[in-house]
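# Notes for the structure review
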Amino acid sequence: MSRVYNFSAGPAVLPEPVLKEVAEEMMDYQGSGMSVMEMSHRSPEFQKIIDDAEQDLRDLMNIPDNYKVLFLQGGASQQFAMIPMNLMKNGVADYIVTGQWAKKAYQEAQKYGKVNKIASSEDKTFSYIPDCSNLEISPDADYVYICENNTIYGTKYKTLPDTKGKTLVADVSSCFLSEPVDVSRYGIIYGGVQKNIGPAGMVIVIIREDLITEDVLDGTPTMLTYKTHADAGSLYNTPNAYCIYVCGKVFKWLKAMGGLEEMKRRNEEKAKILYDFLDESKLFKGTVEPDSRSLMNVPFVTGDKDLDAKFVKEAKAAGLVNLKGHRTVGGMRASIYNAMPKEGVEALVAFMKKFEEENA
Ligand SMILES: *Cc1c(COP(=O)(O)O)cnc(C)c1O
């Protein structure tokens, strides 16, 4: 068996101890005589898996009691519709557009009400986070929406926008559990788990209880109503049981590693290795304004398309894979999520130095 350093933006690298554990339990989950894949979601064994997963996530993020944790399907993208369908009581929402995922959410919400783009960084190809300290928040906005870490462009909010009392909704898909957060500042925090937590096919929604109501837009399907899932403990229908199980293992791994303070320290250390090199390199350069840099997704370029392609190809041959930038932006991108060890980032930088010398 040989494992590569996988810099994919998602689905992405998972912690090796977790992969080993789930492999060991594949044929016989803790004496049940079956795999979690084969297990009823109504069984006591599975109830314990989902209860433990929720409790460990609550411990990790210090989630206040007046928030529900939902394990839902449809990925992060389904939330682009579910949020307006459930939250638009006045039919108005404010969106801050800092990349493609925020833009998609903004466009989807337009199907359901009046949607204002109150800030954007599209003027400079989303290479920064706009100043959100004094935005024109709509007086009747039901919520203010952000994408907190922009996976494709590699930017991250360093301070949350001043929403002037309005409910903040954040897509944290690519920075989920990468550092501590104050959950009480948000109405909804949600993210697809395939970036920084587990396998693809699930979104975790952390939602303040007062936002869970029967008063949703006319025609909202039962399955797209938060209340349906909140009332049923995420077991209204068959959930992505195996994904919940693997995510639960990752939560335990994070706890054993020292929790989110420790992940933040590690992630800052890893990101610094790469950004310091980009800042001094004569060949490679980062594409993001320094004060908006993400700890998770690091895009960079040589300025020459052919050289970029050569780099990606040679890096792959050296066991450093999935470094090609998003299809819409080109260049390179290294995603260095929680499960990417420091050694992976060091190997990448060593390879970049060598490539720079050879191609000077
Ligand atoms: C990947 C990603 C999405 C889309 O996730 P799906 O689960 O594929 O729908 C949405 N938002 C952000 C920030 C992402 O990184």
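First things first, this report covers the structure right here in the doc. It should be emphasised that the depicted structure is a prediction, and the values quoted were computed from it without experimental measurement.

Right, let's talk about the sheet that holds strand β9 (residues 188-192) for a bit. Read from one edge of the open sheet, seven strands run β2-β10-β9-β8-β5-β3-β4, paired in mixed fashion. What marks the edges here is a single partner per strand, and that holds for β2 (67-72) and β4 (114-120). The average undirected angle you get between the axes of adjacent strands in this sheet is 20°. As defined by bridge partners, β9 adjoins strand β10 (residues 203-208) across five bridges and the pair is classed as antiparallel. The partner of Ile 188 across the bridge, within β10, is Ile 207. Sheet strands touched by helix α3 (residues 75-87): β2, β3 (92-97), β5 (144-147), β8 (168-171), β9 and β10. Its angle to β9, the strand with the most contacts, is close to 155°. Against the sheet, helix α4 (residues 100-109) contacts β3, β4, β5 and β8, and its axis sits at roughly 160° relative to β3.

Near the ligand the following residues occur: Gly 75, Ala 76, Ser 77, Phe 80, Trp 101, Cys 147, Asn 149, Thr 151, Asp 171, Ser 173, Gln 194 and Lys 195. Between the ligand and the protein, one listed contact pairs an oxygen atom with a side-chain N or O atom of Ser 77 at 2.6 Å. Between a nitrogen atom of the ligand and a side-chain N or O atom of Asp 171, the distance comes to 2.6 Å. Protein coverage of the free-state accessible area of the ligand, which is 390 Å², stands at 87%. Broken down by element, the shell around the ligand gets its largest block of residues, four residues, from α3. Here the residues of the shell around the ligand sort into four nonpolar, six polar and two charged.

This part is about the layout of surface pockets. Here the largest pocket is characterised by a volume of approximately 350 Å³. In this structure, the largest pocket is lined by 22 residues; those nearest its centre are Ala 339, Met 340, Pro 341, Lys 342 and Glu 343. Looking at the lining of the largest pocket, the elements with two or more residues in it are β1 (5-6), α1 (16-24), α6 (241-257), α7 (259-280) and α9 (342-358). If you tally residues by element for the lining of the largest pocket, the top one is α7, at five residues. The volume enclosed by the second largest pocket comes to roughly 300 Å³. If you list the elements that add at least two residues to the lining of the second largest pocket, you get α1, α2 (44-61) and α6.

With that settled, the discussion passes to the pattern of salt bridges. A complete count under the given rule lists 25 salt bridges for this structure. Put simply, Asp 59 and Lys 255 hold a salt bridge, and the shortest N to O gap is 2.7 Å. Separated by 196 residues along the polypeptide, Asp 59 in helix α2 and Lys 255 in helix α6 bring together distant segments of the chain. Taking the shortest distance from any N to any O, the salt bridge between Lys 68 and Glu 209 comes out at 3.4 Å. Within this pair, whereas Lys 68 is found in strand β2, its partner Glu 209 is found in the loop between β10 and α5 (226-231), the two being separated by 141 residues in sequence. Look at Lys 68 and you get partly exposed, because its relative accessible area is 30%. One network of salt bridges, with partners in common, ties together Glu 262, Arg 265, Arg 266, Glu 269, Lys 342 and Glu 346.

Criteria and thresholds
- Residues numbered from 1 in each chain as written.
- Predicted model: local features only at pLDDT ≥ 70, side-chain atom pairs only at ≥ 80, totals over all residues.
- Heavy atoms only, no water.
- Pairing = 2+ DSSP bridges.
- Helix = DSSP H or I, 4+ residues; strand = E, 2+ residues; numbered from the N terminus.
- Axes fitted to C-alpha atoms, helices over the stretch in contact; angles between N-to-C directions.
- Contact = heavy atoms within 4.5 Å.
- Near = heavy atom within 4 Å.
- Polar contact = N/O pair within 3.5 Å; in protein donor to acceptor, adjacent residues only side chain to side chain.
- Areas by Shrake-Rupley, 256 points an atom, 1.4 Å probe, with all protein chains shown as cover.
- Nonpolar A, V, L, I, M, F, W, Y, C, P; charged D, E, K, R; others polar.
- 1 Å grid on protein atoms, 1.4 Å probe; cavity = no way out; pocket = protein on both sides within 12 Å on 5 of 7 lines; lining within 4 Å.
- Points joined across faces, edges and corners; volume = space filled by probe spheres on them.
- Salt bridge = Lys/Arg side-chain N within 4 Å of Asp/Glu carboxyl O.
- Buried < 20%, exposed > 50% of the residue type's maximum accessible area, 1.4 Å probe, protein only.

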